[in-house]
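The residues making up each chain are set out below.
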Amino acid sequence: MKRSLIKISAFMLLLCGVYACQTKNDTCRSLSGEWNFALDSTDVGEKENWAMKSFQEQVKLPGSLQEQGKGYDVSVNTQWTGNVADKSWYTEEEYAKYREPENVKVPFWLTPDKHYVGVAWYQKEIEIPESWKNKRVQFEFERTHWETSLYVDGKKIGHLNTLHVPHRYVLSSLTPGKHLLSLRVDNRMHVDVGSNAHSVSDHTQTNWNGVIGKMNMQALSSFSIDNIQIYPDAKDSKAIVKVYLDGKPENTRLALNVLFEGKSVLKKDIEVAPDDGDCVETTLVWDNDVKLWSEFTPNVYRLQAVLDSKDGVSEKEVDFGFRDFKTAGTHFEINDRPTFLRGTLECCIFPMTGYPAMDYDYWAKIYSTCKKYGLNHVRFHSWCPPAAAFHVADSLGIYLQVECGGWALIGDAYMQDQWFKKEGDQILKEYGNHPSFCMMGYGNEPAGSKQASYLRGLIDHWQQKDNRRLYTSAAGWPYVDNADYFNTPIPRIGGAMNSILNTSVPRTDYDHQRLIGKEMPTVSHEIGQYCVYPDFKEIDKYTG
């Protein structure tokens, strides 16, 4: 394990160098730091042109406003995001002292210092260098919560409402000099993904407001790389590479360089013509057998792509791996080797901050702990983690099930039906190259009489769009015949008095054969929900 941790540390240092905002050629500048700030609890800011208003308070971004003491004190009138099943705290005399204004302690989840659901405005003066003149400018905000609208000098640039991928805004150009950047963030639930969904709920991560990931502005050349999708084929030692381009097409050259453990192993140059369209597709072929990725051999390749253009160079790097994670009857296989998923849930529980970790060290701690307990699989319950979680899972060999943020009513043609489809597409585009991204579903335990037909169509869509992983309907239910596997609670032992737990001595020779479906693999759903006693010695750790 010590050798593995040393390898992880070296890998993370490399990642930090590769994925940090590069400033040596002055084409990318960080937006992290102090921002002016104002709450807009009555949502009048757009009507009253707050994008040009001077704000008196300050916060630091990346971060949430709640962790910086912005918002309202928690009280019996706090409108939580999430269901409270036991209402006794609100009514019973034994809890009366914990309802007092200076002593509020809610028993249903961790109590934040401040609570706020609504609109907040963040504002910062930026300076565009002379070298960016006539260039497109991209603003990137990683992991916002939730919806954002961006304004430059009072003019609205756009609006985005994805939960799990970075919000990116592109302007055709900005004149060199100072400009006023205003970001409107709204953490109200305009799309009903389900108030208990761990993507938004106070149950676990809290319904925070802010930006917690990478923040930068970048000058783009007139013709640039938008994204890259890689489709590895281990058996034939090759990979199909699709490079999607954006901007004004021109005659130019695209250079591809594949690295393994920091050393170049394959290069290819491609001539690009204006009539090639917005996607350049090519096949990279290895002379020798490729290094396979799995929990036992987490071998990660990196593709560097460089596109020349008349006014600059566009560069992008992505990680990928050669692995074939598939089904064989009622079993899973990794690279033609049978595998058994030994997994746990990650419910977006981060009590120190109230929002997901964005750094590699924290995810290395989580996954290394999983490995120590013999686990090889993590399900992200009704949410999708940030890029750091995928990178570290790649390096350690963890099989991930990612979900699109839902615990909702679906299939009845409400707004969330289209939102989940779009969110899934964006998750596949943003994180689809990661070899650890092996499985995906809409979310958790759906409701609605038409859920099965809706999810059947969603699986069809994803299978046709991206065949690099396996898909299921949802965690829990329903069974649909076109899914690659069934994620069901049927194998749960349960805690009833007549269950094995209460009628037998502890044992490990349970036979679940009669509970396993015959058409596809079965992944048991939340089997570990047993009554346990808290360890009060852990209380001192809760300092967030």
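Below or above, wherever it landed, is the structure these notes cover.

Calculation notes
Residues numbered from 1 in each chain as written. Predicted model: local features only at pLDDT ≥ 70, side-chain atom pairs only at ≥ 80, totals over all residues. Heavy atoms only, no water. Helix = DSSP H or I, 4+ residues; strand = E, 2+ residues; numbered from the N terminus. Rg over C-alpha atoms; globule rule 2.2 N^0.38 Å. Buried < 20%, exposed > 50% of the residue type's maximum accessible area, 1.4 Å probe, protein only. Contact = heavy atoms within 4.5 Å. Areas by Shrake-Rupley, 256 points an atom, 1.4 Å probe, with all protein chains shown as cover. Lys, Arg positive; Asp, Glu negative; His and termini not counted. Charge placed at Lys NZ, Arg CZ, Asp CG, Glu CD. Core = buried A, V, L, I, M, F, W, Y, C linked by side-chain atoms within 4.5 Å. Pairing = 2+ DSSP bridges. Axes fitted to C-alpha atoms, helices over the stretch in contact; angles between N-to-C directions. Parallel < 35°, antiparallel > 145°, perpendicular 65-115°, else oblique. Left-handed = near helix turned anticlockwise from the far one by under 90°. Nonpolar A, V, L, I, M, F, W, Y, C, P; charged D, E, K, R; others polar. Right-handed = clockwise from strand over helix to strand, strands pointing away. Polar contact = N/O pair within 3.5 Å; in protein donor to acceptor, adjacent residues only side chain to side chain. Patch = residues over 30% accessible without salt bridge, like charges linked within 9 Å, V, L, I, M, F, W, Y side chains within 5 Å. Salt bridge = Lys/Arg side-chain N within 4 Å of Asp/Glu carboxyl O. Phe/Tyr/Trp six-rings, centres within 6.5 Å; stacked < 30°, edge-to-face > 60°. Lys NZ or Arg CZ within 6 Å of the ring centre and 35° of its normal. Disulfide = S-S within 2.5 Å.

## Thoughts on the overall build of the chain
And then number 1: From N to C terminus, the chain includes 7 helices and 30 strands.
And then number 2: Rg of the C-alpha trace for the chain: 25 Å, near the compact-globule value of 24 Å for 544 residues, within the 12% margin.
And then number 3: Residues counted as buried form 50% of the 544 residues belonging to the chain.
And then number 4: Sequence separation of at least 24 residues holds for 71% of the intrachain contacts in the chain that already meet a minimum separation of 6.
And then number 5: Here the chain displays about 26,300 Å² of accessible surface, and carbon together with sulfur accounts for 50% of that area.
And then number 6: Positive and negative side-chain charges in the chain, numbering 60 and 71 respectively, have mean positions lying 3 Å apart.

## Digging into the nonpolar core
And then number 1: Counting 51 residues, the largest nonpolar core has Trp 363, Tyr 367, Phe 420 and Ile 427 as its most contacted members.
And then number 2: Excluding anything up to four places from it in sequence, Ile 427 contacts His 164, Val 165, Cys 384, Val 402, Glu 403, Cys 404, Gly 432, Phe 437 and Met 440.

## Comments concerning the pairing of strand 20 (residues 312–320)
And then number 1: Judged from the 9 bridges that link them, strand 19 (residues 301–309) and strand 20 form a sheet pairing that is antiparallel. Its bridge partner lying in strand 20, Ser 309 is registered against Gly 312.
And then number 2: Hairpin connection from strand 19 to strand 20: 2 residues lie between these consecutive antiparallel strands.

## Some remarks on the packing of helix 5 (residues 415–431) against helix 6 (residues 451–465)
Relative orientation and spacing of two packed helices are given, respectively, by the angle between their axes and the distance between those axes.
And then number 1: At a closest axis distance of 11 Å, the pairing of helix 5 and helix 6 adopts a crossing angle of 25°. Here helix 5 is positioned roughly parallel relative to helix 6, judged by the angle of their axes. Regarding helix 5 and helix 6, the two cross each other, and that crossing is right-handed. On the side of helix 5, the interface is formed by Gln 416, Asp 417, Phe 420, Lys 421, Gly 424, Asp 425 and Leu 428, while helix 6 contributes Tyr 454, Leu 458, His 461, Trp 462 and Lys 465.
And then number 2: Of the residues assigned to the contact of helix 5 with helix 6, the class counts are 5 nonpolar, 3 polar and 4 charged.

## Observations regarding the pairing of strand 26 (residues 399–406)
And then number 1: With 8 of its 8 residues buried, strand 26 lies for the most part within the structure.
And then number 2: In this sheet, strand 26 lies alongside strand 25 (residues 377–380) in parallel orientation, the contact comprising 3 bridges. By the bridge assignment for strand 26, Val 378 is matched with Leu 400.
And then number 3: Considered for its hand, the β-α-β crossover made up of strand 25, helix 4 (residues 387–396) and strand 26 is right-handed.

## Quick look at the environment of Asn 36
And then number 1: Following the sequence through the fold, Asn 36 ends up in strand 2 (residues 33–40).
And then number 2: For Asn 36, a relative accessible area of 28% gives the class partly exposed.
And then number 3: Apart from residues no more than four positions distant in its own chain, Asn 36 is found in contact with Phe 55, Glu 57, Gln 58, Trp 121, Tyr 122 and Gln 123.
And then number 4: Among the polar contacts listed, one links the side chain of Asn 36 to the side chain of Gln 58, at a separation of 3.1 Å.

## Overview of a negative patch on the surface
And then number 1: Among the surface-exposed residues, Asp 86, Glu 92, Glu 93 and Glu 94 lie close enough to one another that they form a single negatively charged patch.
And then number 2: Take Glu 92: it is sitting in the loop between helix 2 (88–91) and strand 5 (119–128).
And then number 3: Residue classification places Glu 92 among the partly exposed positions, given a relative accessible area of 36%.

## Topic: the sheet that holds strand 13 (residues 215–220)
And then number 1: Across the sheet, which stays open at both edges, the 4 strands sit in the order 1-13-6-10 with antiparallel pairing between neighbours. What marks the edges here is a single partner per strand, and that holds for strand 1 (28–30) and strand 10 (167–171). Strand after strand, the sheet turns through a mean of 15° between neighbouring axes, direction not considered.
And then number 2: Both strand 6 (residues 136–141) and strand 10 contribute to a ladder of 5 bridges, which runs antiparallel. Bridge pairing in strand 10 places Glu 140 opposite Arg 168.

## What to know about the packing of aromatic side chains
And then number 1: Under the criterion given, the structure shown has 35 aromatic pairs.
And then number 2: Where Trp 89 meets Tyr 90, the ring centres are 4.9 Å apart and the plane angle is 80°; that geometry is what we call edge-to-face.
And then number 3: Judged by its relative accessible area of 1%, Trp 89 falls in the buried class.
And then number 4: Aromatic side chains Phe 350 and Tyr 362 sit 5.6 Å apart centroid to centroid with 55° between the ring planes, which places their arrangement in the tilted category. One end of the pair, Phe 350, is in the loop between strand 24 (343–346) and helix 3 (360–372); the other, Tyr 362, is in helix 3, with 12 residues separating them in the sequence.
And then number 5: Relative accessible area serves as the criterion here: at 29%, Tyr 362 is assigned to the partly exposed category.
And then number 6: Grouped by ring-pair contacts, the aromatic residues Phe 350, Tyr 362, Trp 363, Tyr 367, Phe 380 and Trp 383 constitute a single cluster.
And then number 7: Sitting over the face of the ring of Phe 296, Arg 337 holds its NZ or CZ atom 4.4 Å from the ring centroid.

## What to know about the state of the cysteines
And then number 1: Per the stated rule, a full pass over the model turns up 0 disulfides.
And then number 2: Here Cys 370 stays unpaired: no disulfide links it, and the sulfur of Cys 347, its closest cysteine neighbor, is 12 Å away.
And then number 3: Of the residues examined, Cys 370 reaches a relative accessible area of 9% and is grouped as buried.

## Digging into a nonpolar patch on the surface
And then number 1: A cluster of nonpolar side chains, namely Leu 501, Ile 527, Tyr 530 and Val 532, defines an oily patch on the protein surface of about 360 Å² accessible area.
And then number 2: Mapping Val 532 onto the fold places it in the segment after strand 30 (522–524).

## Some thoughts on the side chain of Ser 182
And then number 1: Among the secondary structure elements, Ser 182 is positioned in strand 11 (residues 177–186).
And then number 2: Only 2.9 Å separates the side chain of Ser 182 from the backbone oxygen of Ala 51, close enough to count as a polar contact.
And then number 3: Side chain to side chain, Ser 182 and Gln 123 meet in a polar contact 3.2 Å long.

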